[in-house]
Amino acid sequence: MPDVYCFEGVILNRFEEQCVIVTGAGSGFGEATAKRFASEKANVVVSDVEAASAAKVCDEIQKAGGKAISVTCDVSVEADMEDLLDKAIGEFGAVDVMVNNAGYSHMSRLLWKISVEEFDAVFAVNVKGVFLGCKHVIPRMIERKKGVIVNIASVGAIAPRAGVTPYNGTKGAVLTMTKGLAMETARHNIRVNAVNPVAAETGFMKGAMGVDQLEDEDRERLISTIPLGRMAEPFDVAAAVTFLSSEDARFITGTSLNVDGGRSV
Ligand SMILES: NC(=O)c1ccc[n+]([C@@H]2O[C@H](COP(=O)([O-])OP(=O)(O)OC[C@H]3O[C@@H](n4cnc5c(N)ncnc54)[C@H](O)[C@@H]3O)[C@@H](O)[C@H]2O)c1
(Lines give C-alpha, C1' and ligand atoms only; values in the text may rest on other atoms or scores of the structure.)
Protein backbone atom coordinates (compact mmCIF):
# COMPACT_ATOMS: atom_id res chain seq x y z
CA MET A 1 0.00 0.00 0.00
CA PRO A 2 1.47 3.41 -0.96
CA ASP A 3 2.15 6.00 1.77
CA VAL A 4 -0.04 8.46 -0.04
CA TYR A 5 -3.07 7.37 -1.99
CA CYS A 6 -3.41 9.97 -4.71
CA PHE A 7 -6.66 10.45 -6.58
CA GLU A 8 -6.90 13.05 -9.36
CA GLY A 9 -3.71 14.65 -8.10
CA VAL A 10 -5.04 15.33 -4.59
CA ILE A 11 -2.63 14.43 -1.78
CA LEU A 12 -4.09 15.01 1.67
CA ASN A 13 -4.72 12.79 4.65
CA ARG A 14 -7.34 14.68 6.62
CA PHE A 15 -9.34 11.51 7.39
CA GLU A 16 -6.65 9.08 8.44
CA GLU A 17 -8.07 6.45 10.85
CA GLN A 18 -11.61 7.81 10.35
CA CYS A 19 -14.58 5.79 9.16
CA VAL A 20 -16.79 7.47 6.59
CA ILE A 21 -20.11 6.11 5.31
CA VAL A 22 -21.33 7.38 1.94
CA THR A 23 -24.82 6.34 0.82
CA GLY A 24 -25.60 6.21 -2.89
CA ALA A 25 -21.86 5.78 -3.46
CA GLY A 26 -22.18 3.54 -6.50
CA SER A 27 -22.37 6.43 -8.94
CA GLY A 28 -22.08 10.19 -9.50
CA PHE A 29 -21.45 12.49 -6.53
CA GLY A 30 -21.40 9.62 -4.03
CA GLU A 31 -18.79 7.68 -6.00
CA ALA A 32 -16.52 10.73 -6.32
CA THR A 33 -17.02 11.52 -2.63
CA ALA A 34 -16.17 7.97 -1.51
CA LYS A 35 -13.03 8.03 -3.68
CA ARG A 36 -12.02 11.46 -2.41
CA PHE A 37 -12.35 10.32 1.22
CA ALA A 38 -10.33 7.21 0.38
CA SER A 39 -7.67 9.39 -1.23
CA GLU A 40 -7.41 11.15 2.13
CA LYS A 41 -6.88 7.86 3.95
CA ALA A 42 -10.38 7.34 5.34
CA ASN A 43 -11.80 3.88 5.89
CA VAL A 44 -14.75 4.15 3.52
CA VAL A 45 -18.06 2.30 3.61
CA VAL A 46 -19.29 2.38 0.03
CA SER A 47 -23.03 1.86 0.22
CA ASP A 48 -25.71 1.75 -2.47
CA VAL A 49 -29.03 0.07 -3.19
CA GLU A 50 -27.32 -1.33 -6.32
CA ALA A 51 -25.00 -3.99 -4.91
CA ALA A 52 -22.91 -4.31 -8.09
CA SER A 53 -22.14 -0.61 -8.39
CA ALA A 54 -21.17 -0.33 -4.70
CA ALA A 55 -18.91 -3.39 -5.09
CA LYS A 56 -17.28 -1.90 -8.22
CA VAL A 57 -16.47 1.43 -6.53
CA CYS A 58 -15.17 -0.43 -3.45
CA ASP A 59 -12.97 -2.60 -5.66
CA GLU A 60 -11.56 0.45 -7.47
CA ILE A 61 -10.69 2.09 -4.15
CA GLN A 62 -8.98 -1.07 -2.89
CA LYS A 63 -7.03 -1.50 -6.14
CA ALA A 64 -5.80 2.09 -5.82
CA GLY A 65 -4.49 1.29 -2.32
CA GLY A 66 -7.38 2.65 -0.26
CA LYS A 67 -9.42 0.99 2.48
CA ALA A 68 -13.09 0.28 1.82
CA ILE A 69 -15.92 -2.18 2.23
CA SER A 70 -19.18 -2.22 0.28
CA VAL A 71 -22.60 -2.65 1.86
CA THR A 72 -25.89 -2.93 0.01
CA CYS A 73 -28.45 -0.60 1.59
CA ASP A 74 -31.75 0.89 0.52
CA VAL A 75 -31.75 4.06 2.62
CA SER A 76 -35.55 4.09 2.81
CA VAL A 77 -35.60 0.72 4.66
CA GLU A 78 -34.85 0.96 8.38
CA ALA A 79 -33.50 -2.59 8.69
CA ASP A 80 -31.04 -1.88 5.85
CA MET A 81 -29.85 1.29 7.59
CA GLU A 82 -29.33 -0.57 10.88
CA ASP A 83 -27.39 -3.25 9.01
CA LEU A 84 -25.24 -0.58 7.32
CA LEU A 85 -24.31 0.95 10.68
CA ASP A 86 -23.61 -2.47 12.21
CA LYS A 87 -21.35 -3.49 9.32
CA ALA A 88 -19.46 -0.16 9.32
CA ILE A 89 -18.83 -0.36 13.07
CA GLY A 90 -18.08 -4.07 12.91
CA GLU A 91 -15.38 -3.46 10.31
CA PHE A 92 -13.93 -0.10 11.34
CA GLY A 93 -14.94 0.31 15.01
CA ALA A 94 -16.89 3.58 14.82
CA VAL A 95 -18.40 6.07 12.40
CA ASP A 96 -16.79 9.50 12.19
CA VAL A 97 -18.57 10.90 9.13
CA MET A 98 -21.94 10.06 7.60
CA VAL A 99 -22.71 11.39 4.12
CA ASN A 100 -26.42 11.06 3.32
CA ASN A 101 -26.10 11.32 -0.44
CA ALA A 102 -28.48 8.70 -1.90
CA GLY A 103 -31.31 10.31 -3.82
CA TYR A 104 -33.03 10.62 -7.14
CA SER A 105 -35.72 12.62 -8.92
CA HIS A 106 -39.01 11.60 -10.42
CA MET A 107 -39.32 12.53 -14.11
CA SER A 108 -39.43 16.30 -14.68
CA ARG A 109 -43.11 17.28 -15.05
CA LEU A 110 -45.58 19.80 -13.66
CA LEU A 111 -46.69 18.97 -10.11
CA TRP A 112 -50.28 18.21 -11.04
CA LYS A 113 -49.09 15.57 -13.53
CA ILE A 114 -47.11 13.66 -10.89
CA SER A 115 -48.78 10.65 -9.30
CA VAL A 116 -49.15 10.07 -5.57
CA GLU A 117 -46.96 6.97 -5.98
CA GLU A 118 -44.15 9.03 -7.55
CA PHE A 119 -44.47 11.61 -4.76
CA ASP A 120 -44.36 9.00 -1.98
CA ALA A 121 -41.43 7.19 -3.58
CA VAL A 122 -39.21 10.27 -3.90
CA PHE A 123 -39.96 11.40 -0.34
CA ALA A 124 -39.20 7.86 0.92
CA VAL A 125 -35.66 7.94 -0.47
CA ASN A 126 -34.72 11.62 -0.30
CA VAL A 127 -36.34 12.55 3.04
CA LYS A 128 -36.99 9.33 4.99
CA GLY A 129 -33.57 8.07 3.86
CA VAL A 130 -31.84 11.11 5.38
CA PHE A 131 -34.02 10.79 8.51
CA LEU A 132 -33.02 7.13 8.92
CA GLY A 133 -29.34 7.81 8.28
CA CYS A 134 -29.31 10.52 10.95
CA LYS A 135 -31.55 8.61 13.38
CA HIS A 136 -29.28 5.58 13.42
CA VAL A 137 -25.86 7.22 13.30
CA ILE A 138 -26.42 9.97 15.89
CA PRO A 139 -26.73 7.71 18.99
CA ARG A 140 -23.42 6.08 17.95
CA MET A 141 -21.82 9.52 17.57
CA ILE A 142 -23.22 10.73 20.92
CA GLU A 143 -21.49 7.77 22.63
CA ARG A 144 -18.16 9.04 21.27
CA LYS A 145 -19.01 12.74 21.79
CA LYS A 146 -18.11 13.57 18.19
CA GLY A 147 -19.23 13.18 14.63
CA VAL A 148 -20.01 14.90 11.36
CA ILE A 149 -23.02 14.54 9.09
CA VAL A 150 -23.26 15.96 5.57
CA ASN A 151 -26.58 15.78 3.74
CA ILE A 152 -26.78 16.25 -0.02
CA ALA A 153 -29.64 18.62 -0.82
CA SER A 154 -29.89 20.67 -4.03
CA VAL A 155 -29.84 24.21 -5.34
CA GLY A 156 -33.47 23.44 -6.21
CA ALA A 157 -34.26 23.68 -2.49
CA ILE A 158 -33.33 27.35 -2.38
CA ALA A 159 -33.97 28.50 -5.98
CA PRO A 160 -36.56 26.14 -7.47
CA ARG A 161 -37.50 26.26 -11.14
CA ALA A 162 -40.52 24.69 -12.81
CA GLY A 163 -40.43 20.95 -13.43
CA VAL A 164 -39.30 18.99 -10.38
CA THR A 165 -41.34 20.58 -7.60
CA PRO A 166 -41.92 17.54 -5.35
CA TYR A 167 -38.21 16.65 -5.74
CA ASN A 168 -37.27 20.20 -4.75
CA GLY A 169 -39.64 19.83 -1.80
CA THR A 170 -37.67 16.79 -0.64
CA LYS A 171 -34.49 18.83 -0.70
CA GLY A 172 -36.15 21.72 1.16
CA ALA A 173 -37.04 19.18 3.86
CA VAL A 174 -33.42 18.02 3.95
CA LEU A 175 -32.20 21.59 4.48
CA THR A 176 -34.69 22.23 7.30
CA MET A 177 -33.84 18.92 8.99
CA THR A 178 -30.14 19.78 8.65
CA LYS A 179 -30.59 23.05 10.53
CA GLY A 180 -32.85 21.59 13.25
CA LEU A 181 -30.59 18.60 13.75
CA ALA A 182 -27.55 20.86 14.05
CA MET A 183 -29.33 22.53 16.98
CA GLU A 184 -30.15 19.17 18.58
CA THR A 185 -26.64 17.73 18.28
CA ALA A 186 -24.27 20.69 18.82
CA ARG A 187 -23.99 19.99 22.57
CA HIS A 188 -22.73 16.51 21.70
CA ASN A 189 -19.97 17.93 19.47
CA ILE A 190 -21.72 16.71 16.34
CA ARG A 191 -21.86 18.99 13.29
CA VAL A 192 -24.57 18.72 10.63
CA ASN A 193 -24.35 20.55 7.30
CA ALA A 194 -25.65 20.22 3.77
CA VAL A 195 -24.40 20.74 0.22
CA ASN A 196 -26.56 22.19 -2.54
CA PRO A 197 -25.26 21.09 -5.94
CA VAL A 198 -26.49 22.51 -9.22
CA ALA A 199 -27.32 20.15 -12.11
CA ALA A 200 -24.68 17.60 -13.12
CA GLU A 201 -24.73 14.91 -15.79
CA THR A 202 -24.70 11.95 -13.44
CA GLY A 203 -27.05 8.97 -13.28
CA PHE A 204 -29.52 11.46 -11.80
CA MET A 205 -30.39 12.71 -15.30
CA LYS A 206 -31.87 9.34 -16.22
CA GLY A 207 -34.52 9.74 -13.54
CA ALA A 208 -35.15 13.46 -13.98
CA MET A 209 -34.95 13.75 -17.78
CA GLY A 210 -35.30 10.14 -18.94
CA VAL A 211 -31.98 10.23 -20.81
CA ASP A 212 -28.41 9.08 -20.13
CA GLN A 213 -27.05 12.28 -21.64
CA LEU A 214 -28.73 15.64 -22.19
CA GLU A 215 -29.49 16.92 -25.67
CA ASP A 216 -27.06 19.73 -26.56
CA GLU A 217 -29.80 22.35 -26.44
CA ASP A 218 -30.99 21.21 -22.99
CA ARG A 219 -27.41 21.33 -21.69
CA GLU A 220 -26.91 24.81 -23.15
CA ARG A 221 -30.16 26.02 -21.62
CA LEU A 222 -29.09 24.76 -18.18
CA ILE A 223 -25.58 26.19 -18.50
CA SER A 224 -26.99 29.59 -19.51
CA THR A 225 -28.43 29.90 -15.96
CA ILE A 226 -25.08 29.18 -14.28
CA PRO A 227 -22.77 32.23 -14.04
CA LEU A 228 -19.56 30.17 -14.00
CA GLY A 229 -20.64 28.70 -17.32
CA ARG A 230 -20.75 24.96 -16.75
CA MET A 231 -22.65 22.25 -14.93
CA ALA A 232 -21.43 20.75 -11.66
CA GLU A 233 -18.99 17.85 -11.73
CA PRO A 234 -18.77 15.09 -9.11
CA PHE A 235 -15.34 16.42 -8.06
CA ASP A 236 -16.94 19.76 -7.05
CA VAL A 237 -19.38 18.07 -4.69
CA ALA A 238 -16.76 15.69 -3.27
CA ALA A 239 -14.48 18.66 -2.49
CA ALA A 240 -17.28 20.49 -0.65
CA VAL A 241 -18.30 17.40 1.33
CA THR A 242 -14.76 16.66 2.44
CA PHE A 243 -14.22 20.30 3.42
CA LEU A 244 -17.39 20.28 5.59
CA SER A 245 -16.31 16.95 7.11
CA SER A 246 -12.80 18.14 7.94
CA GLU A 247 -11.31 20.01 10.88
CA ASP A 248 -11.10 23.07 8.62
CA ALA A 249 -14.88 23.31 9.11
CA ARG A 250 -14.84 22.62 12.86
CA PHE A 251 -16.86 25.78 13.68
CA ILE A 252 -19.41 25.31 10.90
CA THR A 253 -22.75 23.68 11.64
CA GLY A 254 -26.37 24.09 10.54
CA THR A 255 -25.46 25.59 7.20
CA SER A 256 -25.47 24.60 3.56
CA LEU A 257 -22.82 25.18 0.93
CA ASN A 258 -24.03 26.05 -2.58
CA VAL A 259 -21.92 24.20 -5.15
CA ASP A 260 -23.73 25.84 -8.01
CA GLY A 261 -21.39 28.10 -10.00
CA GLY A 262 -23.43 31.08 -8.80
CA ARG A 263 -26.79 29.78 -10.09
CA SER A 264 -28.66 30.65 -6.85
CA VAL A 265 -27.43 34.25 -6.54
N1 LIG B 1 -26.99 15.36 -10.56
C2 LIG B 1 -27.71 16.42 -10.27
O3 LIG B 1 -28.11 17.21 -11.15
C4 LIG B 1 -28.01 16.74 -8.83
C5 LIG B 1 -28.21 18.09 -8.46
C6 LIG B 1 -28.48 18.39 -7.14
C7 LIG B 1 -28.54 17.38 -6.18
N8 LIG B 1 -28.35 16.08 -6.57
C9 LIG B 1 -28.41 15.05 -5.51
O10 LIG B 1 -27.14 14.44 -5.41
C11 LIG B 1 -27.30 13.13 -4.86
C12 LIG B 1 -26.51 12.14 -5.70
O13 LIG B 1 -27.05 12.09 -6.98
P14 LIG B 1 -26.16 11.90 -8.29
O15 LIG B 1 -26.32 13.12 -9.11
O16 LIG B 1 -24.80 11.46 -7.94
O17 LIG B 1 -26.99 10.75 -9.01
P18 LIG B 1 -26.59 9.24 -9.38
O19 LIG B 1 -27.86 8.63 -9.90
O20 LIG B 1 -25.39 9.21 -10.23
O21 LIG B 1 -26.22 8.59 -7.97
C22 LIG B 1 -27.20 8.32 -6.99
C23 LIG B 1 -26.92 6.96 -6.38
O24 LIG B 1 -27.91 6.75 -5.36
C25 LIG B 1 -28.33 5.39 -5.43
N26 LIG B 1 -29.66 5.25 -4.85
C27 LIG B 1 -30.85 5.58 -5.39
N28 LIG B 1 -31.85 5.24 -4.56
C29 LIG B 1 -31.26 4.69 -3.47
C30 LIG B 1 -31.76 4.13 -2.26
N31 LIG B 1 -33.08 4.04 -2.03
N32 LIG B 1 -30.88 3.69 -1.34
C33 LIG B 1 -29.54 3.74 -1.58
N34 LIG B 1 -29.02 4.22 -2.72
C35 LIG B 1 -29.87 4.69 -3.64
C36 LIG B 1 -28.30 5.05 -6.92
O37 LIG B 1 -28.23 3.63 -7.12
C38 LIG B 1 -27.05 5.80 -7.38
O39 LIG B 1 -25.89 4.97 -7.32
C40 LIG B 1 -28.80 12.86 -4.82
O41 LIG B 1 -29.28 13.07 -3.50
C42 LIG B 1 -29.37 13.90 -5.77
O43 LIG B 1 -30.69 14.23 -5.46
C44 LIG B 1 -28.07 15.74 -7.86
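This one's a predicted model, so the numbers in the text were calculated from it and none came from an experiment.

Taking 1.5 Å of rise per residue, 13 residues should cover 18 Å, and helix 2 (residues 51-63) covers 18 Å from first to last C-alpha, within 8% of that figure. By the burial criterion, the buried members of helix 2 are Ala54, Val57, Cys58 and Ile61. Within helix 2, the buried residues cover an arc of 100° as seen down the axis, which keeps them to one side. Opposite its buried face, helix 2 presents the exposed residues Ala52, Lys56 and Lys63, each directed more than 90 degrees away. A positive phi of about 100° marks glycine 65, the residue just after helix 2.

For side chains of opposite charge, pairing can occur when their charged atoms come near one another. Taken as a whole and assessed by the stated rule, the structure comprises 17 salt bridges. Where glutamate 118 meets arginine 109, a salt bridge forms, and the shortest distance between an N and an O atom there is 2.7 Å. Using a relative accessible area of 21% as the deciding quantity, one classes glutamate 118 as partly exposed. Notably, a salt bridge pairs arginine 230 with aspartate 236, separated by 2.8 Å at the nearest N-O pair. Overall, the relative accessible area of 19% leaves aspartate 236 in the buried class. By sharing partners, the salt bridges in this structure join Arg14, Arg36, Glu40 and Asp248 into a single network.

Taken together, 27 residues form the shell around the ligand, and within it Ser27, Asp48, Asn101, Tyr167 and Thr202 come nearest. Within the backbone of asparagine 101, a nitrogen or oxygen atom sits 2.7 Å from an oxygen atom of the ligand. Burial of the ligand by the protein chains amounts to 92% of its free accessible area of 820 Å². For the shell around the ligand, the secondary-structure elements that each account for two or more residues are helix 1 (28-39) and helix 5 (165-185). Looking at the shell around the ligand residue by residue, the class counts come to 14 nonpolar, nine polar and four charged.

If you trace the seven strands from one edge of the open sheet to the other, you get 3-2-1-4-5-6-7, paired in parallel fashion. Two strands in the sheet have a free side with no partner beyond their single neighbour: strand 3 (67-72) and strand 7 (256-259). For this sheet the average axis-to-axis angle between neighbouring strands, irrespective of direction, equals 15°. The strands touched by helix 5 are strand 5 (147-152), strand 6 (190-197) and strand 7; relative to strand 6, the strand with the most contacts, the crossing angle is about 160°. Sheet strands touched by helix 8 (residues 234-245): strand 4 (97-100), strand 5, strand 6 and strand 7. Its angle to strand 6, the strand with the most contacts, is close to 165°.

Contact geometry of helix 3 (residues 78-92) with helix 4 (residues 116-144) gives a least axis separation of 10 Å together with a crossing angle of 40°. Classed by the angle they form, the pair helix 3 and helix 4 counts as oblique. Here helix 3 runs over helix 4; the crossing is right-handed. Note on element contacts: helix 4 touches helix 3 through Gly129, Leu132, Gly133, Lys135, His136, Val137 and Arg140, opposite Glu78, Met81, Glu82, Leu85, Asp86 and Ile89. Class assignment for the residues of the contact of helix 3 with helix 4 results in five nonpolar, three polar and five charged.

Conventions adopted
- All chains use their own residue numbering, which begins from 1 and follows the written sequence.
- Only residues with pLDDT of at least 70 get local features here, since the model is predicted, and only at 80 or more are side-chain atom pairs given and counted; chain-wide, interface and lining totals rely on the full set of residues.
- Side-chain measures here rest on the full set of heavy atoms in the structure, leaving out hydrogens and waters.
- Note on conventions: DSSP H or I runs of at least 4 residues are helices, E runs of at least 2 residues are strands, and numbering of each starts at the N terminus.
- A helix is expected to span 1.5 Å multiplied by its residue count minus one.
- The buried label applies to any residue whose accessible area, calculated with a 1.4 Å probe on protein chains only, is under 20% of its type's maximum; exposed applies above 50%, and partly exposed to all values in between.
- Note that the arc is computed from the directions linking the helix axis to the C-beta atoms.
- For this document, the term salt bridge refers to a Lys or Arg side-chain nitrogen within 4 Å of an Asp or Glu carboxyl oxygen.
- A cutoff of 4 Å decides nearness: a residue is near a molecule or strand if any of its heavy atoms lies inside that distance of it.
- We define a polar contact as two N or O atoms separated by no more than 3.5 Å, with the added condition that, inside protein, one atom must be a possible hydrogen donor and the other a possible acceptor, whereas residues neighbouring each other in sequence contribute only through side-chain atom pairs.
- Where accessible areas are quoted, they stem from the Shrake-Rupley method and a 1.4 Å probe; at the residue level, only the protein chains shown are allowed to cover.
- Any residue that is not Ala, Val, Leu, Ile, Met, Phe, Trp, Tyr, Cys, Pro, Asp, Glu, Lys or Arg is counted as polar, Gly included; the first ten are nonpolar and the last four charged.
- The pairing criterion is simple: DSSP has to find at least two bridges between the two strands.
- Helix axes are fitted only over the stretch in contact, all axes being lines through C-alpha atoms; the angle between N-to-C directions runs from 0 to 180 degrees.
- In this analysis, two residues are considered to be in contact whenever any of their non-hydrogen atoms come within 4.5 Å of each other.
- Geometric relationships in this document are graded by angle, where less than 35 degrees denotes roughly parallel, more than 145 denotes roughly antiparallel, 65 to 115 denotes roughly perpendicular, and other angles denote oblique.
- Helix crossings are classified by the rotation of the near helix relative to the far one: an anticlockwise turn of less than a right angle makes the crossing left-handed, while a clockwise turn makes it right-handed.

So far we have only geometry, and geometry alone does not tell us how the molecule works.
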